[in-house]
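Overview (structure and organization)
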Amino acid sequence: MFRRPAIALLLCLQGSNAAPSYNSEVRPLLSANCFQCHGPDEEERKAKTRLDVPGEADLDEVIARITSTDPDEVMPPPESNKTLEPEQIVTLKAWIAGGAKYEEHWAFVAPERSVIPEGMHPVDHFIDRKLAERGIEPLGQAEPYTLIRRLYLDLTGLPPTPEEADAFAASPTPAAYESIVDELLAASQYGVRWARRWLDLARYADTNGYEKDRDRSIWPYRDWVIRAINADMPFDQFTVEQIAGDMLPNPTTAQLVATGFHRNTMLNEEGGIDPLEFRFHAMTDRVATTGTTWLGLTMGCAQCHTHKYDPITHHDYYGMMAYLNNADEPDFIIRDPGAEGRFRNNMREAQRLQAELPQH
């Protein structure tokens, strides 16, 4: 495929059949040293050469430039104050010799299920593999009091009572442990504990922000997240209802509440503001929060320009904003279920009193 057999020889000398990974080994090198002039930014791109997408560069010329000793030819150029180390050049050569395989940003790659050894729990397999990669030997099982305390803190955020700890320590069997796990997973506090992580992503704890910075009340959304986690709601449903619960056929009150994810942006209640101007700022908040939470991306740079180091373009950014901005934001009043009966009784009493009013 390539006209440089010496590179293939280099791979053989390295004793490796696997080319370097683009995402973990090559892209960081190109991003740090090359993308400023040969990346996605059309305004800064030099010689119409792109190194961030496949098929856009003469790779033989790339090798010639990064190995050149001529200051007028070498890349990166001396005036950039960037230099590729010899081992980095070897990595780039090996990647090109291996086919110069590009990979999408990890946030756009669908996860693949690992092959789990027979009879092994997936979590154990994941942990054991990571420990082995780091050369760490697993320790033995913790003593009962430590084990039960860790379990309670992990699942509910609260320690066990002395009586609960003593009961397990008296009979620390696998069956007893599994029974406690099932009990804690069914506890409402489990949802409260783990909802906090999601609510942080959704910026539930933010205040209104500008000028008056009043408190906000969106606790029904918090309760929805807790109930969803306690009910072990599938993640695809969890996603759909928060992103577009109002667009589902005949949405329920709960599905409308779920879209409160989008309503945690800051507010400006200062007199004399232009509502449309501030709506734009609220939308940038919304794009940033949605991108961070579901795409695993920080999209803020693309708000102003196509960024040299991010996979989201300026055009993509405003396409996403247009999608999120194409909606009204009416208030949604949620009645307390316990108040419905009182409301009907009060209305009947009001009608009775009004009927008697002419007699007074």
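First things first, this report covers the structure right here in the doc. (Residues numbered from 1 in each chain as written. Predicted model: local features only at pLDDT ≥ 70, side-chain atom pairs only at ≥ 80, totals over all residues. Heavy atoms only, no water.)

1. Concerning the packing of aromatic side chains
Enumeration according to the criterion identifies 11 aromatic pairs in this entry. Between Phe 235 and Phe 238, the ring centres sit 6.0 Å apart and the planes meet at 35°, which makes this aromatic pair tilted. In this pair, Phe 235 and Phe 238 are both assigned in helix α12 (residues 235–244), three residues apart and thus about one turn of the helix distant. Plain terms: the ring middles of Phe 261 and Trp 294 are 4.7 Å apart, the flat faces sit at 75° to each other, and that makes the pair edge-to-face. Here Phe 261 is found in the loop between α13 (253–258) and β2 (267–268), whereas its partner Trp 294 is found in helix α14 (residues 275–295), with 33 residues between them in sequence. Classification of Phe 261 as buried rests on a relative accessible area of 3%. The rings of Trp 198, Trp 224, Phe 235, Phe 238, Phe 261 and Trp 294 are connected pair by pair, giving a single aromatic cluster. For Arg 193, the ring lying beneath its charged end belongs to Trp 194, and the centroid distance is 5.2 Å. Positioned over the ring face of Trp 194 is Arg 197, at 4.9 Å from the centre of the ring. (Phe/Tyr/Trp six-rings, centres within 6.5 Å; stacked < 30°, edge-to-face > 60°. Helix = DSSP H or I, 4+ residues; strand = E, 2+ residues; numbered from the N terminus. Buried < 20%, exposed > 50% of the residue type's maximum accessible area, 1.4 Å probe, protein only. Lys NZ or Arg CZ within 6 Å of the ring centre and 35° of its normal.)

2. Here's the deal with unusual backbone geometry
Note on backbone geometry: most residues besides glycine have negative phi, and most peptide bonds are trans. That bond from Met 75 to Pro 76 is cis: its omega, -5°, falls within 30 degrees of zero. For Pro 76, the location among the structural elements is in the loop between α4 (59–67) and α5 (86–97). Notably, Asn 81 is not glycine yet its phi reads approximately 60°, a positive angle. Counting through the fold element by element, Asn 81 comes out in the loop between α4 and α5. One non-glycine residue, Ala 100, lies in the positive phi region at around 50°.

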